[in-house]
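Results of the structural survey
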Amino acid sequence: MSGIHHERGPSSASRWLHCGGSLTFSPSGEAGPEALEGTRLHDVAANLLRVKYHLDVPDALGVIEADEVVTTYLDFVEEQIASLNDPEIHIELYCPPTDIKDFGGTIDCLLIDDDLGHIIDLKTGFKFVAAKDNEQLLCYTLLAKKRFPQLKQFRQSIVQPRINFSSTVSCSLEELLEFEQRIKSVDKTDFAAGSHCDFCPGLGDCPAADRNLVQIMSYAKS
Ligand code: SF4
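Residues numbered from 1 in each chain as written. Predicted model: local features only at pLDDT ≥ 70, side-chain atom pairs only at ≥ 80, totals over all residues.

Moving on, we get to the pairing of strand S3 (residues 116-122). Across the 7 residues of S3, 6 count as buried, placing the element largely inside the fold. Of the pairings in the sheet, the one linking strand S2 (residues 105-113) to S3 comprises 5 bridges and is antiparallel in character. Bridge assignment links Cys109 to a residue of S3, and that residue is Ile120. What sits between S2 and S3 in their antiparallel hairpin is a turn of 2 residues, with Asp114 showing a positive phi close to 60°. Inspection of the sheet shows S3 paired to strand S4 (residues 153-160) by 7 bridges, in the parallel sense. Bridging across to S4, His118 finds its partner in Arg155. As for the winding sense of the linkage, the β-α-β connection from S3 through helix H4 (residues 135-147) to S4 is right-handed. (Buried ≥ 20, exposed ≤ 12 C-beta atoms within 10 Å, placed from the backbone. Helix = DSSP H or I, 4+ residues; strand = E, 2+ residues; numbered from the N terminus. Pairing = 2+ DSSP bridges. Right-handed = clockwise from strand over helix to strand, strands pointing away.)

Here it is as structure tokens:
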């Protein structure tokens, strides 16, 4: 995965879209073991896809082996590629910020078939993540649209090998443009406590969270 971090990154969208004030706190700490393992699995999967589809392969790539998580993801991606009409394949595609300040990120896999963009996101954890109305996936979709303006149809998939689950949804251009307006309206002076506080670097220093601590703790337990 790209190590480039942007303040309005897709992976934390479910927090900053609901509390713009959280953008005033810098992410803290180093990645834990789960995150490091997730990065390793993403790297292995990306390199195997690059080799298979003759994309840009890093020079010093040794022998790489896929475990079950990676194999499940690769099978899914390969199925989607086979179902399209010779799509463009982008693996670990970095999309830098354009007209929205600090809004950028890296898409695990983007397939482009004419005006259709299909985003595929690998999740290596055990926690179920829904694809429908998924703000992280919508961020990736918008980043893809900014990078490839010809896209007019959008499909998004989440692949969760550890719980043997995958799902695919779609959204229209209108829905995506509405989502873009939501991102543009995020205001760093607005603080709103909620379940998203659980993942906020400001938790502990934030007066808005302190006032709602009991409620936040109840979210964490549920
Ligand atoms: S702790 Fe909660 S209310 Fe405070 S900045 Fe973070 S997300 Fe917002």
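Turning next to the nonpolar core. Membership of the largest hydrophobic core comes to 34 residues, with the highest contact counts inside it found for Ile107 and Ala144. For this core, the secondary-structure elements that each account for two or more residues are helix H1 (13-16), helix H2 (33-52), helix H3 (68-83), strand S1 (88-95), S2, S3, H4 and S4. If we skip the residues at most four places from it in the chain, Ala144 touches Cys95, Ile107, Leu110, Gly117, Ile119 and Leu151. Ranked by size, the runner-up nonpolar core spans 5 residues in total, among them Ala193, Cys197, Cys206 and Ala209. (Core = buried A, V, L, I, M, F, W, Y, C linked by C-beta atoms within 7 Å. Contact = placed C-beta atoms within 7 Å.)

Here we take up the site of the ligand. Around the ligand sit 15 residues, and of these Cys19, Cys197, Cys200, Cys206 and Ala209 come closest. Broken down by class, the residue content of the shell around the ligand amounts to 10 nonpolar, 4 polar and 1 charged. (Near = placed C-beta within 6 Å. Nonpolar A, V, L, I, M, F, W, Y, C, P; charged D, E, K, R; others polar.)

Its 16 residues place the ends of H3 23 Å apart at the C-alpha level, agreeing with the 22 Å of an ideal helix rising 1.5 Å per residue. Among all positions of H3, only Val69, Val70, Thr72, Tyr73, Val77 and Gln80 are buried. Down the axis of H3, the sector holding all buried residues measures 165°, keeping them to one side. Opposite its buried face, H3 presents the exposed residues Glu68, Glu79, Ala82 and Ser83, each directed more than 90 degrees away. Buried residues along H3 sit in contact with H2, S2, S3 and S4. (Expected span 1.5 Å × (residues − 1). Arc of directions from axis to C-beta.)

Take the sheet that holds S1 next. The strand order S1-S2-S3-S4-S5 describes an open sheet built from 5 strands, whose pairing is mixed. Here the strands that pair on one side only, and so sit at the sheet edges, are S1 and strand S5 (165-171). Adjacent strand axes in the sheet meet at a mean angle of 25° when their direction is disregarded. Here S4 pairs with S5 via 7 bridges, running antiparallel. When the sheet's bridge partners are listed, Arg155 is paired in S5 with Ser170. This element, H2, spans S1, S2 and S3 of the sheet and lies at about 145° to S1. This element, H3, spans S1, S2, S3, S4 and S5 of the sheet and lies at about 175° to S3. (Axes fitted to C-alpha atoms, helices over the stretch in contact; angles between N-to-C directions.)

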